[in-house]
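The lines below spell out each chain.
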Amino acid sequence: MENFNEVNKNFTVSEAIKEAQRCLNCKVPQCRKGCPVNNEIPDWISALGKGNFGSAIEIIRHKSNLPAVCGRVCAHERQCEGHCILNKTGKHIEIGKLERFVADFDFEAGLDHENLPEKTRGKVAIIGSGPAGLTTAADLSRKGFNVEVFEMEEEAGGVLLYGIPEYRLPKEVVRREVKGLEALGAKIHCGVTVGVDFTIDDLFAQGFDAVYMATGAGLPKYLPIEGMEARGVRQALRFLRRVQLYQSGHIDKKEVVVGDGDIVYVIGGGNTAMDAARTALRMGSKEVTVVYHRQRENLRALKSEYDEAVEEGVKFMWNSNVVKVNPGEGTNLTSLVIETDGVRKEYPADHLVAAVGSAPAARIVSTTEGINVDEKGYVLRREVPYGMTTRVGVFAGGDVSGQPATVVHAMKDAKLVAAGIEEYINAKKLMEAIK
């Protein structure tokens, strides 16, 4: 199969304007209440409906640094669109698709130009270039801070590039958002690992006023299932990362392992499980089944993601649990024992992909004194200034601090951290001035 073309198509200009003109411009917009970053939705939709594309993107960027991404991968049906008053008529405004249209049109037409301040207010190091890192970097760059981003992969983008499949989020979209950050004056260093190549103390020694840990959660959560150490068991995000590396030409297809006639099972019920299952099909797997321990109505994945998975041929086993993994030769399994409604049965299987969440790695914390974590390894933070860890000057956010893992929730938290960093550096500079 191996067709990773984007599934959902964009509006044309006339379609976008017509859809925008359906908006009622409510006095108390419920759509805005449903948006985690409080996007000024009716205002930019009104501008779009009048053909003012430049005004629309300017309004969007008041709240969002990644509109082309959010327009594609946000949980619109549970957030802005789910709160739209027109749901009562059976057809809400296509807010996500409109946001995507505005961002794409702006990029293609080259409309967006910003007057940037000089970078004189302080120096900030950001570790990680996922949605949290990119958001904080953009906010602080716009406010006159000298920002440098450190990314362990060979290309910036974090989970946006390596964790969300191409058919949902084209990688060129992520790359252009990264280029937009660089246009704001931020410097990005790829292929460097903080905690290995250098430490947070080294960054402070280089003159950084604050350091922000936005490294995500890269360690798979442990499942107490017999045989889970077998070579045919894979972690979903690592599988998706390998597919992206293959598509980018960095590794050979055989290093992806999953695909080409395989029988694949996926444990999990979130969007990552849907991504892993649909990607396994695209890599040529013969049969892909999602094993979920609850009923369909309890599935954590978006309804749209589930519906598209079913349409593409993904199968589902409800009220089911994998209880034993039987290893095979090489990189494949022999079979799985799955219990459904109390009955156990053995099924032939080549691979098992676990999409049950991740935990933060200890690479940075173990090489830095003064950063405390909770019993699960998540970094502890203060409320004032928002996002600061127990180590003065070191901030944390996103998955590494146990915050919600969706892109837009990471952005919401990152914007608050950016304000906390600004508050801290302002106080730091003031105290230095009066010494």
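A few points on the structure. (Residues numbered from 1 in each chain as written. Predicted model: local features only at pLDDT ≥ 70, side-chain atom pairs only at ≥ 80, totals over all residues. Heavy atoms only, no water.)

This next bit is on the sheet that holds strand 1 (residues 123-127). Reading across the sheet, the five strands line up as 3-2-1-4-15 and stay open at both edges, with parallel pairing between neighbours. Looking at the sheet topology across the chains shown, the edges are occupied by strand 3 (187-190) and strand 15 (394-396). Across the sheet, the mean angle from the axis of one strand to that of its neighbour is 20 degrees, orientation sign disregarded. Direction of pairing for strand 1 relative to strand 4 (residues 210-213): parallel, over a ladder of four bridges. Of the residues in strand 4, the one forming a bridge with Val124 is Ala210. Across the sheet, helix 15 (residues 407-433) is in contact with strand 1, strand 4 and strand 15; its angle to strand 4 comes to roughly 165 degrees. (Pairing = 2+ DSSP bridges. Helix = DSSP H or I, 4+ residues; strand = E, 2+ residues; numbered from the N terminus. Axes fitted to C-alpha atoms, helices over the stretch in contact; angles between N-to-C directions. Contact = heavy atoms within 4.5 Å.)

Turning our eyes to something else, we now look at the nonpolar core. One finds Trp44 and Val266 to be the most contacted residues of the largest nonpolar core, which totals 100 residues. The element that contributes the greatest number of residues to this core is helix 15, accounting for 10 residues. In contact with Val266, not counting residues within four places along its chain, are Ala273, Ala276, Ala277, Val288, Thr289, Val290, Val291, Val353 and Ala355. Formed by 19 residues, the second largest nonpolar core is a distinct cluster that contains Leu223, Val233, Ile263 and Val322. (Core = buried A, V, L, I, M, F, W, Y, C linked by side-chain atoms within 4.5 Å. Buried < 20%, exposed > 50% of the residue type's maximum accessible area, 1.4 Å probe, protein only.)

Let's shift gears to a nonpolar patch on the surface. On the surface, Leu430, Met431 and Ile434 cluster together into a nonpolar patch covering about 320 Å² of accessible area. Structurally, Met431 can be placed in helix 15. Under the relative-accessibility criterion, Met431 is labelled partly exposed at 47%. (Patch = residues over 30% accessible without salt bridge, like charges linked within 9 Å, V, L, I, M, F, W, Y side chains within 5 Å. Areas by Shrake-Rupley, 256 points an atom, 1.4 Å probe, with all protein chains shown as cover. Salt bridge = Lys/Arg side-chain N within 4 Å of Asp/Glu carboxyl O.)

Opposite charge on two side chains lets them pair, provided their charged atoms get close. Counted according to the given criterion, the structure contains 27 salt bridges. In this structure, Arg100 engages Glu6 in a salt bridge whose closest nitrogen and oxygen atoms are separated by 3.3 Å. Here the residue Arg100 occupies a position in helix 7 (residues 95-109), and Glu6 occupies one in the segment before helix 1 (13-20), the gap between them amounting to 94 residues. Glu6 carries the same exposure label as Arg100, and that label is buried. Among the salt bridges present, the one from Asp275 reaches Arg168, with a minimum N-O distance of 2.8 Å. Here Asp275 is found in helix 13 (residues 271-282), whereas its partner Arg168 is found in the loop between helix 9 (159-162) and helix 10 (171-183), with 107 residues between them in sequence. Note on accessibility: Asp275 and Arg168 belong to one class, buried.

With respect to the helices and strands, Asn39 occurs in the loop between helix 2 (30-33) and helix 3 (41-49). Separated by 3.5 Å, the side chains of Asn39 and Trp44 make a polar contact. With sequence-adjacent residues up to four places away left out, Asn39 is seen in contact with Arg32, Trp44, Ile60, Lys63, Ser64 and Glu99. (Polar contact = N/O pair within 3.5 Å; in protein donor to acceptor, adjacent residues only side chain to side chain.)

Function cannot be inferred from these measures alone, as they are strictly geometric.
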